[in-house]
Structure formats: structure tokens, C-alpha cells
Amino acid sequence: MSLSSSINSALNGIKTSQKAIDVVSSNISNVNTEGYTRKVYSQKTLVSGNGILCGAISNTDLRQVDTKMLAQLRTETGTLQKYNIRSYYLDLIQAQMGQPSSEHSIASRITAMQTAFESLGVDVDKLNAKSTAVTSMDTALTQIRDLSDQIQSLRFEIDQELSALCEEATDILNQLDKLNDDIVRTNAISGQSADDYKDQRDLLITRLCEIMDIQSYERSSGETVILTASGKPLLDKDGVVISHEPSASSGASISYSSGSITGIYAGAFDITAEISSGEMSGLINLRDIELPDMQAQLDELAYRLTLDLNSTHNKGITYPDTVYEMTGTRTFIDPSRQKISLSDGDVKIVLFNADGSQAYVTSLVGELGFSSGTISEMCEKIQDWLQNDPNGPHLDTAKIAVNTNGNLEIDLGNSSYSIAFKDEVSSLKGSEENSISVGFDANGDSIADQTYSGFSNFFGLNDLIVSTKTESVYDSDIITSGSLMGIKGKTTLFFSDAEHGLNFGSISVSGGDTLQTIAKKINETLKDASGNQIVKADLIKEGTGYRLRLTNINGNQMEITEASTTVNGITGASILNRLGITPSHAGYASQLSIRSDILNSPALLNTAKVQYSPETGQYFLSDSDNSLANEFAKIFTTTVDFNPAGNLSKISTTLSGYASCIVTSLATNLNDAVSKTDYQTELVTTLYQKEQEVSGVDLDEELAMLLIYQRSYSAAAKALTTSLEMLELLDDIV
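Residues numbered from 1 in each chain as written. Predicted model: local features only at pLDDT ≥ 70, side-chain atom pairs only at ≥ 80, totals over all residues. Heavy atoms only, no water.

Focus: the overall build of the protein
Here comes step 1: Counting secondary structure elements, the protein contains 14 helices and 33 strands.
Here comes step 2: Sorting the 734 residues of the protein into buried and exposed places 48% on the buried side.
Here comes step 3: Within the protein, contacts between residues separated by at least 24 positions form 68% of all contacts whose residues are at least 6 apart in sequence.
Here comes step 4: Accessible surface computed for the protein: about 32600 Å², of which carbon and sulfur atoms make up 49%. (Helix = DSSP H or I, 4+ residues; strand = E, 2+ residues; numbered from the N terminus. Buried < 20%, exposed > 50% of the residue type's maximum accessible area, 1.4 Å probe, protein only. Contact = heavy atoms within 4.5 Å. Areas by Shrake-Rupley, 256 points an atom, 1.4 Å probe, with all protein chains shown as cover.)

Description of the pairing of strand β11 (residues 339–343)
Here comes step 1: On β11, burial follows the alternation: Ile340 and Leu342 on one face are buried, whereas Lys339, Ser341 and Ser343 on the facing-out side are not.
Here comes step 2: Where β11 lies against strand β14 (residues 372–374), three bridges are found, and the strand directions are antiparallel. In the strand pairing of β14, lysine 339 is matched with threonine 374.
Here comes step 3: In this structure, β11 lies alongside strand β18 (residues 437–441), joined through five bridges in antiparallel fashion. (Pairing = 2+ DSSP bridges.)

Observations concerning the pattern of salt bridges
Here comes step 1: According to the stated counting rule, one finds 28 salt bridges in the structure shown.
Here comes step 2: Two residues, glutamate 274 and lysine 232, come together in a salt bridge whose shortest N-O distance is 2.6 Å. Taken together, the positions of glutamate 274 in the loop between β9 (269–270) and α6 (278–313) and lysine 232 in the loop between β4 (224–228) and β5 (233–236) put the pair 42 residues apart, joining distant regions of the chain.
Here comes step 3: For lysine 232, a relative accessible area of 22% corresponds to the partly exposed category.
Here comes step 4: A salt bridge links arginine 595 to aspartate 597; the shortest N-O distance between them is 2.8 Å.
Here comes step 5: Note on arginine 595: relative accessible area 19%, which makes it buried.
Here comes step 6: Among the residues examined, aspartate 597 registers a relative accessible area of 27% and is labelled partly exposed.
Here comes step 7: Taken together, the shared-partner salt bridges in this structure form one network comprising Arg74, Arg201, Asp202 and Glu218. (Salt bridge = Lys/Arg side-chain N within 4 Å of Asp/Glu carboxyl O.)

Observations concerning the environment of lysine 68
Here comes step 1: Relative to the helices and strands, lysine 68 is located in helix α2 (residues 67–97).
Here comes step 2: Along the primary structure lysine 68 and glutamate 691 are separated by 623 residues, whereas in three dimensions their C-alpha atoms are 9.6 Å apart.

Brief notes about helix α3 (residues 106–122)
Here comes step 1: In a regular helix each residue adds 1.5 Å, so 17 residues correspond to 24 Å; α3 covers 25 Å between its end C-alpha atoms and thus fits that length.
Here comes step 2: For α3, every residue scored as buried is listed here: Ile106, Ala107, Ile110, Met113, Gln114, Ala116, Phe117, Leu120 and Gly121. (Expected span 1.5 Å × (residues − 1).)

Description of a nonpolar patch on the surface
Here comes step 1: On the surface, Leu729, Leu730 and Ile733 cluster together to form a nonpolar patch covering roughly 320 Å² of accessible area.
Here comes step 2: Note on placement: leucine 730 falls in helix α14 (residues 699–733).
Here comes step 3: A relative accessible area of 48% places leucine 730 in the partly exposed class. (Patch = residues over 30% accessible without salt bridge, like charges linked within 9 Å, V, L, I, M, F, W, Y side chains within 5 Å.)

Section: the side chain of glutamate 424
Here comes step 1: Inspection of the secondary structure puts glutamate 424 in strand β17 (residues 418–424).
Here comes step 2: Of the residues examined, glutamate 424 reaches a relative accessible area of 0% and is grouped as buried.
Here comes step 3: Sequence-distant contacts of glutamate 424, that is, excluding residues within four places in its chain, are made with Asp344, Gly345, Asp346, Lys348, Lys429, Gly430, Ser431, Glu432, Glu433, Asn434, Ile436 and Tyr619.

As for the packing of helix α4 (residues 127–187) against helix α5 (residues 195–211)
Here comes step 1: Running from N to C, α4 and α5 point in directions that differ by 155°, and their axes come no closer than 9 Å. In terms of orientation, α4 and α5 fall into the roughly antiparallel class. As for the relative orientation of α4 and α5, their crossing is left-handed in sense. Contacts between α4 and α5 pair Leu165, Glu168, Ala169, Ile172, Leu173, Gln175, Leu176, Leu179, Asp182, Ile183 and Thr186 from the former with Tyr197, Lys198, Gln200, Arg201, Leu204, Ile205, Arg207, Leu208 and Ile211 from the latter.
Here comes step 2: A per-class count over the contact of α4 with α5 returns twelve nonpolar, three polar and five charged. (Axes fitted to C-alpha atoms, helices over the stretch in contact; angles between N-to-C directions. Parallel < 35°, antiparallel > 145°, perpendicular 65-115°, else oblique. Left-handed = near helix turned anticlockwise from the far one by under 90°. Nonpolar A, V, L, I, M, F, W, Y, C, P; charged D, E, K, R; others polar.)

Some words on the packing of aromatic side chains
Here comes step 1: The final tally for this structure, using the stated rule, is 15 aromatic pairs.
Here comes step 2: Geometrically, the ring pair formed by phenylalanine 421 and phenylalanine 455 is tilted, given 5.4 Å between the ring centres and 40° between the ring planes. One end of the pair, phenylalanine 421, is in strand β17; the other, phenylalanine 455, is in helix α8 (residues 455–459), and 34 residues separate them in sequence.
Here comes step 3: Classification of phenylalanine 455 by relative accessible area gives buried; the value is 1%.
Here comes step 4: Three or more aromatic residues joined by ring pairs form one cluster here, namely Phe332, Phe421, Phe440, Tyr452, Phe455, Phe458 and Phe459.
Here comes step 5: Lying across the ring of phenylalanine 440, arginine 330 places its NZ or CZ 5.9 Å from the centre. (Phe/Tyr/Trp six-rings, centres within 6.5 Å; stacked < 30°, edge-to-face > 60°. Lys NZ or Arg CZ within 6 Å of the ring centre and 35° of its normal.)

Some remarks on the packing of α2 against α5
The relative placement of two packed helices is expressed as an angle between their axes plus a distance between the axes.
Here comes step 1: Relative to each other, α2 and α5 sit at 35°, their axes nearing to 7 Å. The element α2 and its partner α5 pack so that their crossing is right-handed. From α2, Leu70, Arg74, Thr77, Gly78 and Gln81 reach across to α5, where they touch Asp202, Ile205, Thr206, Cys209 and Glu210.
Here comes step 2: Its residues assigned to classes, the contact of α2 with α5 comprises three nonpolar, four polar and three charged.

As C-alpha cells, then:
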């Protein structure tokens, strides 16, 4: 080797040793830097043009990364974030709902109501027993309302969080776009390393995987391409905008499937349904499935509780605190055309004196001659008796009519009397108590569309629990979305509401229709003259299927009726029964409260019934009557049928039993989420440790390598010094 070659080799040795020292020093100084990957110095032999070895030069790609291990780690980290989100929010709900064994759970609150009413049956004449019963109801209803409010509050919070994550993901894509440019430019410059840029890139991609599931690959130029799990572009030359417009409010009827919650968009593509991992997936699943399922279960519990308590309370009367005014809760669209028909008994209308003795009595069917007719005709019959009947009370100012809100209103105009209604099996005075059947012709076609039990209960004249919810939304049962109706013939559905009147629109349904085709017919047909939608149909995901939800856009009281058509001798079947279309229970739990006058004055709680004395031949009231209080207690031991709601299938159980199912279901889901989170945490920890064995920095190893490269540097420096001395010696000789 010539002396000049020796000097060049020594200089290359110094440079490569210096580079190696720099690499190790960088490893040591960044040992705790997030996202930093270990750099391992490597070199290659430098060969001159004539094939002579001229030392070594450093390689530029020094990163130690197991790409397959890193990809698996990112995938499992995304799954971990999904489970973390789920367990966090379910734990918040359980704190409010209570654990199965907790005395503060909603199941325990229902049981406490039962105990209070059982005590009321014993101490019916004591005000404190009524107060305890009312308090126990108020406590249970308050917890149900609070749970409903919390569920919707969390859904609103989740929707806002999804919007924030979209903004973060967009920012990450923009940063990755810039890093792509930096990496490509650096790779094009000989001798330059893009490793630091790649570390930043990998850290950002890892965070993006925590947010949502993606797939990525690197081009030969060093540029990274990122796609959604289904292949829609997120970053290819340029990054797209990931966006979500959060909802302005939340409620049981607000959902992604109905379009009232916007999707998550990658550019022009709605990718909501594609996201199956990461924080977004956990949040979407909670917002659109788990929390709505819980809401549906609470609504079902609240509805059954209201139905049973009101049905019982409407059978009774309060005494000695009596009332001479009543306002029903049922809303009528057109009382001059909507009709009722009474069967299986008669309704006794009794006016009582202050001491509980009978003042006046008549029967709606037997004496007033009303067995069927419009709501207005019935009101006229009763009012005429109150004002003008020779055997009546002659209350000139008494009024009974449907008010401007559509509710039946009764006012005796005289506080000396109280009024009560009692259903009996016949028109004979003192006949056996029996809830009459009330057929309701909702659209004025003289055909009963629904049948209800109990006169007072039908009108809601003496409800115990009231709601601000109107019947402006109807739901079907949970049905597989693509299943055919399977009915014979053709059936026509008619729609009526308080704004557009009776039968303002209709659609026909046949056996070949599905939920989708019925929804399409409604959305295309039920519009006003200006083309504005009156009724909107949506398919709402719930449990294992979908509900067909029909919403009156302006929130008006709505009635849906049907009429069958005979075609070729085949009469259409009931589509309302086939689909189970009834007023929606969605949001029922959030709008319940005890009637304000009873809440303020528990003495007004009905615990007695109208009694009949065979000796006197008259009706009377007694403050020691506990018959109704015992019926209240019986409600809580009676098995009732609960419809499918959320992930709970149809079940027959008691009210407290159903509440226990809700609490247990939540506890099971939370336990599942915690177990999966714990397992996933261990898996991610193991994968991270494995990945760090490759890309992590070991201080002991780096310090050992530093000593080696320092010695190499010293050796190269010694070789250079020796070569220079020899050159100087030769120069002196010459």
C-alpha cells in the first residue's frame, strides 16, 4: 500500500470511528426519548476505481426496527385502547346504576317501593305511610331519570370526543405528509440519513393506530402511504381531512342510524362503520350500541312501571282529601271525530259529599245511554247530567270537555263535591268491580283501532306518574332488517296528527315488503304540499336487529291506524301487529315524575276505592280502606311480560327482576371489558418488551460499544500519525 493510500485509510478510519461514536452517543442521550429507535452503526469497505481498498465508510440506514413486530404491536395497542375506553365509560355508568349487590342499585330501589306499599297496606290511614311510599317512588324515578340523563350526557361527551380525535388524526396526517417530504428529500442526498425523520413518522403512525385501525406501507422512495382498514386513502401524496360534525344535543331518539348524528368522514367517504379498533371504535360502539341498549332497557322498565302504577291508581280515589277537578293525560287529535266504544260493563259516575257519602250517581251506559260515540258526544252527555238532569246535581258551572291541549278536562265548579269513576260488570248499582274495555277509533272511521282496559285509565284522569313525552314517535319491535312482512293480501296504513288532521296520508303494505321498503314508502309519500317531510321513517339498530321508527317531524301527537283490503278473496293481515308498531318508549325514562300535586302532598295518593253498601244501596268512601294499597303492593310480585330492549330479549319477570337484569347485564359487560383490558394490557406489554429488545437502547451495551469505537478511533489516529511521520521523514530525506 502506498503512503498516500495509508493516510487515506487512516482518515477514513477516523471518520467512521467518529461516526460510530456519534451514533452510540446519540443512543445514550436519547435512551428515554419517546419514539427513538436504537441505531446500530455499520460500515462498508471503500474501494477505489482501480480496485484498491481505501478503508471504510459509514452506512446511512442505522435504525433497528422489526417491522412485523411493530405492526403487531400497533394492532394490539389499538385493540387495547378500544377496551380501555369501554371499561372507563361502563364503570361510570355502574357508579350511578349500582352493583348487583348494592342497596343503592335501581333493583334495590324497586324493592324499596314494594316494601313501602306493603307497609301502606297495613297503615293506609297514616299520612307518614303515604309519604314513605311517595318518597320511595320519587327516589326510584329520580335514579332512573339520572341514569337516563347520564347515558345521554356520556353519548354527547363521546360525540364531542370523536370530533376532537378526528381533528387530532387530521393533524397527524398533515405532519406525516411533511415528514414524507423530508424523508424523500433526505434519502436523495448522498450520505444523509433520514432515520430521525423515520422515528418521528413511526411515533405518529403508532398514535394514529391508537385512534383508529389503519394499514400502511412504505414506497421505495421512503414515502409512507396510509389507508383505512378497508383501503380508503388517508395519506397518499397528500393527507385527507378526517372530520365529524358533533351533534348539538343528545337524546334517546338521536342516533347515527337515523341520520341525526353525522358520520366520521375521510374526505368524502363515511368510514364510521369501517372503524373496528382504536379509541374511535370504542367510542362509536358505546355511543351507537351499548349506551343506547342501556337506555332502551331503562325505558322499558320505566314504561312498565308507569303502566302498572297508573292502571292501579286510576281505579281508586283519594279520601278524605278529595278532588273536584281532573285533567286526563291522553291527547286527542279531533275529539269531534275520534270515537270510543264501551263493552264488558258500565261506568258509574259518583259524586261524593265531603264526609264520603254518596251525593249523586249515574251510569254512563245504562242511564246516560252512551255506549259508543265521539269523545265530544260523551262529554256532552256527562256535562248535561251534571248541569241539567232532574236527578243530577244541577251544577250550572260544571264543565267537561277536551281542552286546547287535547286532554279531557273535568271541573265540577263546586268544591263541595268530589267526583269518581268506577267500572262495574253491569249497569246495576253495586255490581262486581270490573275494568271495562274501551275501544278507541283513532282516525274516525267507526272501526276500533286499539282496545284499552279501564275508563279512567284510558283517559289518564287519575295518573300517578306523568310524562312530558307526546306520542309523536312510533317504534316497531326489533326485527331483522331484511325479513319480509309475510302477510297475506294488502294493508293500508293511515297517518293522523294534530296539525294535519285525521288520515292526512297513507301507504299500502303487502307481504313482499321489508322494513326498508316500508320506510322508503313513508319517506317518499308523507310530505306536505310544499314537499316538506311530515313523518320520517328510519331503521334504528338495536340489539340483534332493527326497529322501524316513525317520527312526526314537528313533534305533533300522531295516530297510526290501518285498514285491510281484500284482493282475490284474500284480506290483508294486520301490519301493526306484525311489526308491533306502538308509541315509542325511547326516552321514557328521562321524562317521568310523580304527579306534582301528589309529590307535594302525599295525602292525595289514592289508596282506596269507591265502595258499595248493600244495606244503604249507596256508594261511599272510607279512610280505612286499604284495598288499593294492597293492589299496589301486588304489582311488584306479579310477573309481567317485558318486550325485547337493547341486548335483553323478551322476558317474563317482576319489575325488580327486570331491574336486576339491567344491573346484572351492565356488571357482566363491565367485567368482560375489564378482563379484556387486563389481558390486552399484558399482551401489549409483552409485545412492547419484545419490540424494545430490537429497537430499544441498552445503556450497558452502548457504553461497551463506545469503548470499542474509542479504541478504534485511537488506532486510526495512531495510524494517521505514523503515516504522517513517515511522510515527513521521506520529505526530509529528499
